[in-house]
Amino acid sequence: MQTDVRPESMQRITTKELADSFIAEQIALVREQVGDKKVLLALSGGVDSSVVAALLIKAIGKQLVCVHVNHGLMRKGESENVIEVFQNQLDANLIYVDATDRFLDLLKGVAEPEKKRKIIGGEFIKVFDEEAAKLTDIKFLAQGTIYPDILESDGVKAHHNVGGLPEEMEMELVEPVKLLYKDEVRVVGSALGLPDEMVYRQPFPGPGLGVRCLGAITRDRLHALREADAILREEFDKCGLAEKVWQYFIAVPDMKSVGVKDSKRYEGWPAIIRAVNTTDAMTATIEEIPYDILHKITNRITNEVDGINRVLLDLTPKPIGTIEWE
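Residues numbered from 1 in each chain as written. Predicted model: local features only at pLDDT ≥ 70, side-chain atom pairs only at ≥ 80, totals over all residues. Heavy atoms only, no water.

Asker: Which residues make up the pattern of salt bridges, and what are the values?
Answerer: Evaluation of the coordinates by the stated rule reveals 26 salt bridges. A salt bridge links Glu123 to Lys126; the shortest N-O distance between them is 3.9 Å. In this pair, Glu123 and Lys126 both sit in helix 5 (residues 113-133), 3 residues apart, roughly one turn of the helix. The shortest N-O distance in the salt bridge between Glu235 and Lys296 comes to 3.4 Å. Within this pair, whereas Glu235 is found in helix 10 (residues 219-239), its partner Lys296 is found in helix 11 (residues 291-304), the two being separated by 61 residues in sequence. Beyond isolated ion pairs, a larger network of salt bridges with shared partners links Glu234, Glu235, Lys238, Lys296, Arg300 and Glu304. (Salt bridge = Lys/Arg side-chain N within 4 Å of Asp/Glu carboxyl O. Helix = DSSP H or I, 4+ residues; strand = E, 2+ residues; numbered from the N terminus.)

Set out below in structure tokens:
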């Protein structure tokens, strides 16, 4: 097992050759650790869990059981993409659970950010636990822990308590990328053959759009957020900013302002653009977006997304502002 503190002498993974070497090393370690036992993985569709899934499929094949829980707070097309890549292309042992109504019903009327996080995290554990209880001979739990997760928490155990490791699950952890930074994980993902749209997918918090639909979540505002976010990502892809910006997304607050549509006054929500660059997620700088691109994004969102009548740009670096709003 690797140590929890990354030695400064470790070589950063910046090339396919280094990634291939890392993959071969981890495959050997995983096979030694796991043997012929089964491994359970919560596959969110984010970069970290996707790379871990691809790595473990390469190492142990059908011994890996992936569970993808759609909590209704995913980005547009995300769950469909997970099914396409892992079930259809990689022939993974994948269990898909659509728990949208279950999560949104619990979140109704809840505005306090930490309470939302706890509800989403707690319910995720329940759903995941229910699925795990249906399985037999699961001895290991794989997680997409990366090095910044360890740095931002008080050690590995605290991170896992926050991240959703049920205390009653007596499983040994498998964490093959826990000493890597996000950019290194992407290099490994590319070397494993995962599609670019998955490898370079935006970092996404566990509570998903639940912490970007600010305040109490409503289905109509959540839908508007999902559509506006899809437009932002589409336009960044078109103009090349997707390759330059580490993380970009839309947040929609629970407030309205007066706008004009079809020559009539109407109230709508603002969509707030957040675009930052970082290497370790501990600090972040603001990416400058050309005004012609901002104008195009604004025009599309305000015309195509029902309920949004303004587009704002967040210019706050970290510190003082966190990357996420909640």
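Asker: Quick one: what's the story with helix 2 (residues 47-60), residue by residue and with numbers?
Answerer: With 14 residues, helix 2 extends 20 Å from end C-alpha to end C-alpha; this agrees with the ideal 20 Å at 1.5 Å per step. With 13 of 14 residues buried, helix 2 is to be regarded as a mostly interior element. Count one or two residues on from helix 2 and you reach Gly61, which has phi positive near 55 degrees. (Expected span 1.5 Å × (residues − 1). Buried < 20%, exposed > 50% of the residue type's maximum accessible area, 1.4 Å probe, protein only.)

Asker: A description of the nonpolar core should follow, citing residues and the corresponding values.
Answerer: Leu40, Phe236, Ile250 and Ile301 are the most contacted members of the largest nonpolar core, which has 46 residues in total. Here this core takes 7 residues from helix 10, the largest share from any one element. In this structure, Leu40 is in contact with Val65, Val67, Phe128, Ala132, Leu135, Ile138, Phe140, Leu141, Ala142 and Met171, ignoring residues within four places of it in sequence. Formed by 40 residues, the second largest nonpolar core is a distinct cluster that contains Val30, Ala53, Ile57 and Leu94. (Core = buried A, V, L, I, M, F, W, Y, C linked by side-chain atoms within 4.5 Å. Contact = heavy atoms within 4.5 Å.)

Asker: So what about the packing of aromatic side chains? Which residues, and what values?
Answerer: All told, the structure shown has 3 aromatic pairs when counted by the stated rule. Taking the centre distance of 6.0 Å and the plane angle of 10 degrees together, the rings of Phe124 and Phe128 count as stacked. Here Phe124 and its partner Phe128 are both found in helix 5, 4 residues apart, which amounts to about one turn of the helix. On the accessibility criterion, Phe128 (4% relative accessible area) is buried. Centre to centre, the rings of Phe236 and Tyr248 are 4.4 Å apart; their planes meet at 35 degrees, and the pair counts as tilted. Placement of the pair is Phe236 in helix 10 and Tyr248 in strand 6 (residues 247-251), with a sequence separation of 12 residues. As far as burial versus exposure is concerned, Phe236 and Tyr248 are alike and both buried. Over the face of the ring belonging to Phe204 we find Arg75, whose NZ or CZ atom lies 3.8 Å from the ring centre. (Phe/Tyr/Trp six-rings, centres within 6.5 Å; stacked < 30°, edge-to-face > 60°. Lys NZ or Arg CZ within 6 Å of the ring centre and 35° of its normal.)

Asker: Give a detailed account of the sheet that holds strand 1 (residues 38-42), specifying residues and quantitative values.
Answerer: One open sheet accounts for 5 strands, arranged 3-2-1-4-5; its pairing is parallel. Where the open sheet ends on each side, the last strands, each with one partner, are strand 3 (93-98) and strand 5 (172-174). On average, adjacent strands in this sheet sit at an angle of 30 degrees to one another, irrespective of strand direction. In this sheet, strand 5 lies alongside strand 4 (residues 138-142) in parallel orientation, the contact comprising 3 bridges. Its bridge partner being in strand 5, Leu141 is matched across the sheet by Leu173. Contacting strand 1, strand 4 and strand 5, helix 1 (residues 16-34) runs over the sheet at an angle of about 165 degrees to strand 5. (Pairing = 2+ DSSP bridges. Axes fitted to C-alpha atoms, helices over the stretch in contact; angles between N-to-C directions.)

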